[in-house]
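Now for the letters of each chain:
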Amino acid sequence: MTRSPYELSTPSDVLARLHPRLSTYFGAIPPGHVGRGEGVFDVVGTPRRWFRPLLAVFARDSVMFPVWERDVPFTVENRPARVGRGQAVREARVAVRAHRTFRFRSGSRTMVDAITAEPDGLVDHLGRHGRVSARLRAEVDAHGPDAGALRLVSTRVTFRALGREVRLPARIAPRVLLTERFDDEADLQRVSLVLSAPVLGTLYRYEGAFRYEIAPDTGRG
C-alpha cells in the first residue's frame, strides 16, 4: 500500500491526532490522482525592503519572492513523486512535489518544493533544483486551540553547492514554522508559514485559506 512521506516519517500516534480533513491532505495520493486546492493568501512576502534583493535570488529558483502583497489568489497542486540525490535512482525517496502559484499584481509566480521521507525524518527540498533543504519535525496537539493542526518546525537547514551539502550552525540558521489547520466553521483549510532568523525576527511569511480535493489526474495544470 502506498504511503505518503508524512506517514513514513511521522509517528502514528502523532498522525492519529490530525483533524480528519488534514489526514486527507497529508495522506497518500492514489495512483492516477492529484491533489488540487484554490484559495487566497491574506499576506505574502516581507515588508522589509532591505531583504528583498536576497529574495530576488531565491525567486530565480522558485523558492520565495521579493514582494509584500495582500489578498493574493493562489492555487496549489500536489503530486506523488520520487526524488533522487544526483542521478542515483536507487537512492530516490518517496516524495510529494508541490507547485503553489501566486497571482501577484505583477504577474503569476510559482513556488516549488518537494517533501521527502528520509532516513532521519521529513525533509523539504526547496525550489526547482532543491539546493536548499530543511529537516522538519511534525507536531500535532491533542488539546487546546490548535488541536488537530499540524505544525512542521525546521530543525536543520542545509545548502547544496558544488556537489556538497553545507549545514548551517543553529545559532545563525533560519527557522521555518509551517502550520496547517482545518476551520470547520468556514469549511476551509488554513495555512501559515513563517521564516524567521535569530536576532532579525520574521523575514518572510504567507498565510491564507483554501479548499482542497483529491481528483483524477487529467493532465490539467
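Residues numbered from 1 in each chain as written. Predicted model: local features only at pLDDT ≥ 70, side-chain atom pairs only at ≥ 80, totals over all residues. Heavy atoms only, no water.

Next up on the list: the overall build of the protein chain. Of regular secondary structure, the protein chain possesses four helices and 11 strands. Against the 2.2 N^0.38 benchmark of 17 Å for 221 residues, the protein chain shows a C-alpha radius of gyration of 17 Å, consistent with a compact globule. Referenced to the eigenvectors of the C-alpha coordinate spread, the extents of the protein chain come out at roughly 45 × 45 × 40 Å. Within the protein chain, the proportion of its 221 residues that are buried is 46%. In the protein chain, 54% of the contacts between residues at least 6 apart in sequence involve partners at least 24 apart. Surface accessibility of the protein chain: about 12100 Å² in total, with carbon and sulfur atoms responsible for 52%. When the 35 basic and 25 acidic side-chain charges of the protein chain are each reduced to a single mean position, those positions are 8 Å apart. (Helix = DSSP H or I, 4+ residues; strand = E, 2+ residues; numbered from the N terminus. Rg over C-alpha atoms; globule rule 2.2 N^0.38 Å. Buried < 20%, exposed > 50% of the residue type's maximum accessible area, 1.4 Å probe, protein only. Contact = heavy atoms within 4.5 Å. Areas by Shrake-Rupley, 256 points an atom, 1.4 Å probe, with all protein chains shown as cover. Lys, Arg positive; Asp, Glu negative; His and termini not counted. Charge placed at Lys NZ, Arg CZ, Asp CG, Glu CD.)

With 47 residues, the main nonpolar core has F41, V44, F65, F102, L152, Y204 and Y206 as its most contacted residues. F102 has contacts with F41, V44, F65, V72, P73, F74, G107, S108, R109, M111 and Y206, leaving out every residue within four places of it along the chain. (Core = buried A, V, L, I, M, F, W, Y, C linked by side-chain atoms within 4.5 Å.)

Let's shift gears to the packing of aromatic side chains. Here the structure, examined in full by the defined rule, presents 14 aromatic pairs. On the basis of an interplanar angle of 85° and a centroid distance of 4.9 Å, the ring pair of Y25 and F26 is categorised as edge-to-face. Residue classification places Y25 among the buried residues on the basis of a relative accessible area of 9%. Their ring planes at 20° and their centres at 3.9 Å tell us that F41 and F74 sit as a pair that is stacked. In this pair, F41 sits in strand β1 (residues 33-45) while F74 sits in strand β2 (residues 68-85), placing the two residues 33 residues apart along the sequence. Note on accessibility: F41 and F74 belong to one class, buried. Each residue in the set Y6, Y25, F26, F41, F65, F74, F102, F104, Y206, F210 and Y212 is aromatic and connected to the rest through ring pairs, giving one cluster. (Phe/Tyr/Trp six-rings, centres within 6.5 Å; stacked < 30°, edge-to-face > 60°.)

Bridge count for strand β7 (residues 150-161) against strand β9 (residues 175-183) is four bridges, and the pairing is antiparallel. Looking across to β9, one finds that L152 is bridged to L178. Relative to strand β10 (residues 188-197), β9 runs antiparallel, the two sharing nine bridges. Note that in β10 the partner of V176 across the bridge is L195. (Pairing = 2+ DSSP bridges.)

Further remarks concern the environment of V96. Turning to its location among the elements, V96 is positioned in strand β3 (residues 88-104). Residue classification places V96 among the buried residues on the basis of a relative accessible area of 14%. A C-alpha to C-alpha distance of 6.8 Å links V96 and T116, two positions 20 residues apart in sequence. Non-local contacts of V96, meaning those with residues more than four positions away in its chain, are made with P5, N78, R79, D113, A114 and I115.

Moving on, we get to the pattern of salt bridges. Taken as a whole and assessed by the stated rule, the structure comprises 16 salt bridges. Taking the shortest distance from any N to any O, the salt bridge between R79 and D217 comes out at 2.5 Å. One end of the pair, R79, is in strand β2; the other, D217, is in the segment after β11 (201-216), with 138 residues separating them in the sequence. Residue R79 is classed as partly exposed on the basis of its relative accessible area of 25%. Here R93 ties to E118 by a salt bridge, and the two come within 3.2 Å at their closest N and O atoms. Of this pair, R93 sits in strand β3 while E118 sits in strand β4 (residues 107-118); the two residues are 25 residues apart in sequence, bridging distant segments of the chain. Judged by its relative accessible area of 23%, R93 falls in the partly exposed class. (Salt bridge = Lys/Arg side-chain N within 4 Å of Asp/Glu carboxyl O.)

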